[in-house]
Amino acid sequence: MRALVVTAVAAEADSVTTGLTPHPYTPGPEPRTLPGGYLINRRDLPGIAFDVLVGGVGPAAAAAAAATALALADYSLVVSAGIGGGFVPAAPLGSLVVADAIVAADLGAETPDGFLDVSELGFGHSVHLPPAELAARAAEATGALLAPVLTVSTVTGTAARAAVLAARHPMAGAEAMEGFGVAEAAAAHGLPVLEIRAVSNAVGPRDRAAWRIGDALTALTGGFRVLGPVFANWGERHEHR
């Protein structure tokens with residue numbers, strides 16, 4: 001089985017790669033550069049190989065990067081991973097969230113009666129659903145919250161905006177900027193997708209002094225340290241169905 005993990009920035013990719021590095025340390029292949037300048041790093045674990053891709057920030061960049069990688073190799077699973085904002089208290093700083101739904105939260109139109117997402121406008125869909133069993137097993141293995149993860153093009157920075165999103169998506173666990181783009185690329189190739197977020201800040205007023213990026217990256221590493229066998233086991237039972 002081979003999985004593609006798409007992150008936004010190098011620090012996230014490094015955290016994922018560290019979590020996927022076998023112990024004792026076994027040197028892996030040198031990173032490769034794909035067309036478009038995308039950097040990809042490979043790690044091999046029993047029963048599964050991971051390619052960890054730095055795709056850029058935002059849904060469009062993530063979709064382009066993921067689509068590039070998926071056109072060049074055969075994969076069985078695509079994962080969007082990185083840090084993000086958590087809806088507290090359900091997803092406190094330093095915790096993990098595994099998506100049971102990947103939601104395009106600001107793709108649509110504002111109307112006098114409120115926001116209409118793109119599916120309500122009749123122009124497509126606004127939600128991708130990861131495989132339920134895989135998402136549940138990943139959440140259980142990592143101690144993560146299993147909840148919808150929102151994809152936004154503009155990160156929330158006010159209490160008013162946080163309240164709007166929470167009212168519209170009361171079960172949401174986190175927000176980030178890439179998941180839906182990665183999911184779109186995976187869907188175009190007929191592949192299952194999962195999203196995993198480590199919480200670096202609370203969704204709400206922008207307060208950089210309160211961010212815990214280091215703690216979130218450490219949590220991301222810890223999550224991927226236990227996810228290899230989960231993905232490999234799931235792949236063995238589902239890849240050839």
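This brings us to helix α5 (residues 179–188). Most of α5 sits out of view: 7 of its 10 residues are buried. All of the buried residues in α5 are Gly 179, Phe 180, Gly 181, Val 182, Ala 183, Ala 185 and Ala 186. Looking at the residues trailing α5, positive phi occurs at Gly 190, about 70°.

What follows covers the nonpolar core. Counting residues in each nonpolar core, the largest one holds 33 residues, and the members touching the most others are Val 79, Leu 194, Phe 224 and Phe 231. Elements that contribute at least two residues to this core include exactly β1 (2–7), α1 (10–20), β4 (48–54), β5 (77–86), β6 (96–104), α3 (132–142), β12 (193–202) and α6 (213–238). Broken down by element, the residue count for this core peaks at 10 residues, all from α6. Once residues lying within four places of it in the same chain are set aside, the contact partners of Val 79 are Leu 4, Val 5, Val 6, Leu 194, Ile 196, Phe 224 and Phe 231. Judged by nonpolar contacts, the second largest core, of 29 residues, contains Tyr 38, Val 78, Leu 191 and Val 193.

Below, the discussion takes up the environment of Val 182. Within the secondary structure layout, Val 182 lies in helix α5. Residues Val 182 and Ala 63, 119 residues apart in the sequence, show an inter-C-alpha distance of 4.9 Å. In this view, Val 182 contacts Val 6, Ala 62, Ala 63, Val 78, Ser 80 and Val 193; residues no more than four positions away in its chain are not counted.

A few words now on the environment of Leu 116. Tracing the sequence through the fold places Leu 116 in strand β8 (residues 114–117). Owing to a relative accessible area of 30%, Leu 116 belongs among the partly exposed residues under this scheme. Distance in space between the C-alpha atoms of Leu 116 and Arg 197 is 26 Å, their sequence separation being 81 residues. The contact partners of Leu 116, leaving out residues within four places of it in the chain, are Leu 107, Gly 108, Ala 109, Thr 111 and Leu 121.

Here we take up the packing of helix α2 (residues 59–72) against α5. Closest axis-to-axis distance for the α2/α5 pair is 7 Å, and the angle between their directions is 30°. By the angle between their axes, α2 is roughly parallel relative to α5. The way α2 lies across α5 gives a crossing that is right-handed. Residues Pro 59, Ala 62, Ala 63, Ala 66, Ala 67 and Leu 70 of α2 form the contact with α5, whose own contacting residues are Gly 181, Val 182, Ala 185 and Ala 186. Along the lines of polarity and charge, the residues of the contact of α2 with α5 split into 9 nonpolar, 1 polar and no charged.

Moving on, we get to the side chain of Ser 15. Considering the arrangement of structural elements, one finds Ser 15 in helix α1. Here the side chain of Ser 15 touches Ala 11 through a polar contact of 3.1 Å, landing on its backbone oxygen.

Rules behind the numbers
- Residues numbered from 1 in each chain as written.
- Predicted model: local features only at pLDDT ≥ 70, side-chain atom pairs only at ≥ 80, totals over all residues.
- Heavy atoms only, no water.
- Buried < 20%, exposed > 50% of the residue type's maximum accessible area, 1.4 Å probe, protein only.
- Helix = DSSP H or I, 4+ residues; strand = E, 2+ residues; numbered from the N terminus.
- Core = buried A, V, L, I, M, F, W, Y, C linked by side-chain atoms within 4.5 Å.
- Contact = heavy atoms within 4.5 Å.
- Axes fitted to C-alpha atoms, helices over the stretch in contact; angles between N-to-C directions.
- Parallel < 35°, antiparallel > 145°, perpendicular 65-115°, else oblique.
- Left-handed = near helix turned anticlockwise from the far one by under 90°.
- Nonpolar A, V, L, I, M, F, W, Y, C, P; charged D, E, K, R; others polar.
- Polar contact = N/O pair within 3.5 Å; in protein donor to acceptor, adjacent residues only side chain to side chain.

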